[in-house]
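So you can see what is in the structure, the chains are spelled out below.
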Amino acid sequence: MSNKYIPAEIEAKWQAAWEEQGLHKTVEDPDRPKWYALTMLPYPSGDLHTGHWYAYTPSDASARFKRMHGYNVFFPIGFDAFGLPAENAAIKNGAHPMKWTLANIERMRGQLRRMGAMWAWDAEAVSCDPEYYKWSQWFFRKFYDAGLAYREYAPVDWCPNCNTTLAREQVWGDDRHCERCGTPVIKKNLEQWKFRITQYADELLDGLETIDWPERVKVMQTHWIGRSSGAEVSFKTEHGDALVIFTTRPDTLWGATFMVLAPEHPLVDKVTTSEFRSAVEAYKGEASRMDEIQRGAADKEKTGVFTGGFARNPVNGEQIPIWIADYVMMGYGTGAIMAVPGHDARDFAFAKKYGLEIRRVITGPAGATGVLEEAYDSKQEGALINSGQFDGTPVAGAATKVTEWLEAHELGHGAVNYRLRDWLISRQRMWGTPIPIIYCPACGTVPVPYADLPVRLPDDAEFRPTGESPLKFHAGFRYVKCPQCGGDAERETDTMDTFMCSSWYQYAYISPYWKQGRPLSVDDMPWDSGKGGYWLPVDQYTGGIEHATMHLLYTRFFTKALRDLGVVNFDEPMLRLFNQGMILGPDGEKMSKSRGNVINPDEFVDKYGADTVRGYLMFIGPWDMGGPWDMNAIEGVYRFLHRVWSVVADDPQMANPTLDPQVTADTTEVRALERKLHQTILKVTDALENFRFNTAIAGLMELNNQLIKVRESPVVNTSVWNQAIRELILMMAPIFPHIADELWHRQGNTSSVHLQHWPEADPNKAREAEITVVVQINGKVRDKLIVAPGTPGADLEQQALALEAVGKWTAGKPVQRVIVVPDKLVNIVIG
Ligand SMILES: [Zn+2]
Ligand SMILES: [Zn+2]
């Protein structure tokens, strides 16, 4: 055995040994608490980059830490293998995307193994495998049967670069660009499949209260779902048509001085008078050439035109003018608003611009009733005026009172509006899960029978992008017999959004490729229920925050839908979530090929070993903060491991096994080491529980420094030294798994360090050595004692009475009483 630390040697050796021992295989064990630790699965791009290392190795350390606390830990990995890059590579290379994908997966498996993580490889699942996606199709069918999947002709967001529709969640930023490629998104009218996620809007909001997720994810989801309460109120046009508006401020109904419709609103043509028709048509034409991006932009000046029509305000019978304006959109609310310029900033600006009436219906905080210089939108201070029978009603609570009154008079009703829209899942790309639907001229839309799943992707499809689904050009795929009438029919040729695959991958790991090769039925369970009952739901999830309103919302919806279908019996897929930060290039910028600042982790693993790269990534700062790669700091971690190696591998007790350690050598140095050890256990335990890996490593470094300080002294002959060495190795195991197992075995142990129990701290031993106890005479401080914490009261009394100062004060006077508060004070009462 070499006595030098050579990471390449020991890391390869231990990775092979763990695999051979089946150390990371997980079997249900009812006698142990389970811990399902999940990290977001990679896309098989072909290279595991630093971001993967930054996401995965701390997750692994956390999972290992749990295992050392007696948990039966499941830490699986797989591949989110459908999607555009494979398709684009296929177009470029003229090879099927499956080939590219499988080659990349093979390469990345090797890279993942080099991390030394406790991956449960026997649970691996790859979403482009037909035995995986047959379940995605099974879920689609279940959703279809339950009315949760439906097809709709509607304007959708389209990325002209990716040649496909996008879900609303995939359209980012005020400029509305494609989340994947950054291209501005345009609108297209298409018939598309959607999932009814809006049916779960309330539950998705309320459920946030029940899970331990980062506050900012909860805020982002809450904002995305965008629940607002108010009332729907029906105005009437001069033709007698109902113009329904949604307002969050029914208490300002008396202040409505005009209405605004979206240019596409179906009643626009009818309300427009001949005098205004040409202006309205021109405005509508202009609006249709703009997308919602431009129309909704906050800094765009609000424009609009009068239609010539009027509507009757139901609360006071007033006829108010109807305008159209492009900032009102059909996709939001009802596509019509009442404008209350006195109490809404946007309406105020619009009224000012077009000379429309601004009416005050709420007094200012001090009862002000004067002309408004700006919109007054407080819901707390003021009272209603110019509002009929509601005059004098305090604005706080007025919305509820007005709503009740509207309901009593059948003029409107309380309503809730959401920003959330149904999840659009159709994609016009080839490399995805086929949507299991057949269109028959005689029977209409026919779902593929359960027993016929999977609908397989052809392996000879044309995949050039045309804006239409490539599967449309594959006759063998497209033309089928109708499963109902046997007549000629056609398959749906769109594929599913890949977020469908990742909405349930945490369940796929439970029994990968469940029921392989066997026909499915409606009554199936998509995984082994016994295993699912044991492992689910996920206890700890880790991954990036960029998924806050996409994957992290979809998988919650998916789980709630599965619960209603009787597949799971819980409400939330992941009980805890931690979002890591982003690892940046050495220049502090996001790593990118074009900037030339990409760090290749493999290079550093070759040079320093996986343990150093793991430890370095965890040492750069709090895990949720991320930070730039630092060439010098990685050397520091490497040196630390060499120092630990030298302390443990050159342990004099190991060099001389006949040496008999003294059980207690009660010297200051020994007690100092013991104290440091227990303080370190407390610190590292707390740090690892809270994902503060940097703090944990700092603690390990300090303990090691202390060991180096005393390694030439008699302390090495004590049992405390032995314990410190042993527990330092144990505490290193989650972060530095290879060197820890090597040193553990060199200490003469035969079973893996990773199967040991985490060390326990004795808080008494961790306490600082000396504390100050105040000595009082008749309640006045006269002296002090420096003692060990926990010194018994009798000892304190004795020591206090022996003090010189006390002797001076008590000279000749009898001591009546001595009051002792251990660790605090001794009060001597004299007569
Ligand atoms: Zn795009
Ligand atoms: Zn048919």
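Residue positions within a chain follow its written sequence, with the count starting from 1. Naming scheme: in the order in which they are written, chains are lettered from A and ligands are numbered from 1. Totals for whole chains, interfaces and linings use all residues, but because this is a predicted model, local features are given only for residues with pLDDT of at least 70 and pairs of side-chain atoms are given and counted only at 80 or more. By convention in this description, side-chain values take in all heavy atoms of the structure and omit both hydrogens and water.

S.K.: Describe the overall build of the protein chain, and please don't skip the residues or the numbers.
M.R.: Within the protein chain one finds 28 helices and 29 strands. Principal axes of the C-alpha set define a box for the protein chain whose edges measure 110 × 80 × 50 Å. Buried residues are those whose accessible area, probed at 1.4 Å on protein chains only, stays under 20% of the maximum for their type, while exposed residues exceed 50% and partly exposed ones sit between those limits. By residue count, 54% of the 831 residues in the protein chain fall in the buried class. Sequence separation of 24 or more characterises 73% of the internal contacts of the protein chain that already satisfy a separation of 6 or more. Residue-level accessible areas treat just the shown protein chains as cover; the underlying method is Shrake-Rupley with a 1.4 Å probe. If you sum the accessible surface of the protein chain, you get close to 35,200 Å²; carbon and sulfur atoms cover 50% of it. With 87 positive and 106 negative side-chain charges, the protein chain shows a separation of 1 Å between the mean positions of the two kinds. Put simply, DSSP H or I for four residues or longer makes a helix, DSSP E for two residues or longer makes a strand, and each gets a number counted from the N terminus. Contact criterion: two residues are considered in contact whenever any of their non-hydrogen atoms come within 4.5 Å of each other. His is not counted, nor are the chain ends, whereas Lys and Arg count as positive and Asp and Glu as negative. Where a charge lies is defined by one atom per residue type, namely NZ (Lys), CZ (Arg), CG (Asp) and CD (Glu).

S.K.: So what about the coordination of the zinc ion (ligand 2)? Which residues, and what values?
M.R.: Sodium, potassium and calcium take a 3.2 Å donor cutoff, other metals 2.8 Å, and in both cases only N, O and S atoms count; water is not among them, so sites may look incomplete. Surrounding the zinc ion (ligand 2) are the protein donor atoms C440 (SG), C443 (SG), C482 (SG) and C485 (SG), at 2.2 to 2.4 Å. Irregular is the label for any site that misses the other tests, which are tetrahedral for four donors with all angles between 85 and 135 degrees, and square planar for four donors or octahedral for six when opposite donors exceed 155 degrees and the remaining angles lie between 65 and 115. Considering all 4 donor atoms around the zinc ion (ligand 2), angles at the metal cover 105 to 113° and the coordination shape is tetrahedral. Read from N- to C-terminus, the donor residues coordinating the zinc ion (ligand 2) fall into the pattern C-x2-C-x38-C-x2-C. Residue C440 is found in strand β17 (residues 437-440), and its partner C482 is found in the loop between β19 (479-481) and β20 (488-491); the two are separated by 42 residues along the sequence. Both residues of the pair, C440 and C482, count as buried.

S.K.: Let's hear about the pairing of strand β22 (residues 538-543): which residues, and what values?
M.R.: The buried fraction of β22 amounts to 6 of the 6 residues, a majority that puts the element mostly inside the structure. Two strands pair under a simple rule: DSSP has to find at least two bridges between them. Here strand β1 (residues 34-39) pairs with β22 via 3 bridges, running parallel. If you follow L38 over to β22, its bridge partner there is Y541. Examined bridge by bridge, β22 and strand β23 (residues 574-579) share 5 bridges and lie parallel to one another. Within β23, the residue paired with V538 across the bridge is M574. By convention, a crossover is right-handed whenever its connection, traced from the first strand over the helix to the second and viewed with the strands pointing away, goes clockwise. As for the winding sense of the linkage, the β-α-β connection from β22 through helix α17 (residues 551-564) to β23 is right-handed.

S.K.: Give a description of the coordination of the zinc ion (ligand 1) that names residues and reports values.
M.R.: The coordination sphere of the zinc ion (ligand 1), as far as protein atoms go, consists of C159 (SG), C162 (SG), C178 (SG) and C181 (SG), spread over 2.3 Å. One can describe the site at the zinc ion (ligand 1) as tetrahedral: its 4 donor atoms subtend angles covering 101 to 117° at the metal. Exposure remark for C162: the relative accessible area of 3% places this residue in the buried category. Judged by relative accessible area, which is 28%, C181 ranks as partly exposed.

S.K.: Which residues make up the nonpolar core, and what are the values?
M.R.: The biggest cluster of nonpolar side chains holds 180 residues, and the ones touching the most others in it are F140, M732 and F736. Broken down by element, the residue count for this core peaks at 10 residues, all from helix α20 (residues 631-649). In contact with M732, not counting residues within four places along its chain, are F640, L641, V644, L700, P737, I739 and A740. What we call a nonpolar core is a set of buried Ala, Val, Leu, Ile, Met, Phe, Trp, Tyr and Cys residues that are connected through their side-chain atoms within 4.5 Å.

S.K.: So what's going on with the pattern of salt bridges? Which residues, and what values?
M.R.: Here, a salt bridge means any side-chain nitrogen of Lys or Arg that lies within 4 Å of a carboxyl oxygen of Asp or Glu. This model, assessed by the stated rule, comprises 45 salt bridges. With a shortest N-O distance of 3.3 Å, E702 and K683 are connected by a salt bridge. With E702 in helix α23 (residues 693-710) and K683 in helix α22 (residues 668-689), this residue pair connects regions lying 19 residues apart in the sequence. Take K683: its relative accessible area is 33%, and that puts it in the partly exposed class. Three or more residues are tied together by salt bridges with common partners; here these are E203, R556, K560, R563, D564, D571 and E572.

S.K.: Tell me about helix α7 (residues 215-225), and name the residues and values.
M.R.: All of the buried residues along α7 are V217, K218, Q221, W224 and I225. Buried residues along α7 cover an arc of 130° about the axis, so they all sit on one side. Exposed and oriented more than 90 degrees from the buried face of α7 are E215 and H223. Taken together, the buried residues of α7 touch α6 (201-206), α17 and β23. Backbone geometry just downstream of α7 places G226 in the positive-phi region, at approximately 55°. The directions considered for the arc run from the helix axis to the C-beta atoms.

S.K.: Tell me about the packing of aromatic side chains, residues and numbers included.
M.R.: In this scheme Phe, Tyr and Trp rings, the latter by its six-membered ring, pair at centre separations within 6.5 Å, and the angle between planes marks the pair as stacked below 30 degrees, edge-to-face above 60, and tilted otherwise. One pass over the structure, following the stated rule, counts 53 aromatic pairs. Summarising the aromatic geometry, the rings of Y5 and Y638 are spaced 6.5 Å apart at their centres and angled 45° between planes, so their arrangement reads as tilted. Here Y5 is found in the segment before α1 (7-21), whereas its partner Y638 is found in helix α20, with 633 residues between them in sequence. Each member of the pair, Y5 as well as Y638, is classed as buried. Consider the rings of F139 and W504, whose centres lie 5.0 Å apart with planes at 65°: the pair is edge-to-face. With F139 in helix α5 (residues 130-145) and W504 in the loop between α14 (499-502) and α15 (505-508), this pair connects stretches of sequence that are 365 residues apart. A relative accessible area of 0% means that F139 is categorised as buried. Between R556 and the ring centre of W213, over which it is positioned, the NZ or CZ distance is 5.9 Å. Lysine and arginine charges are scored as sitting over a ring when NZ or CZ, respectively, is within 6 Å of the ring centre and within 35 degrees of the ring normal.

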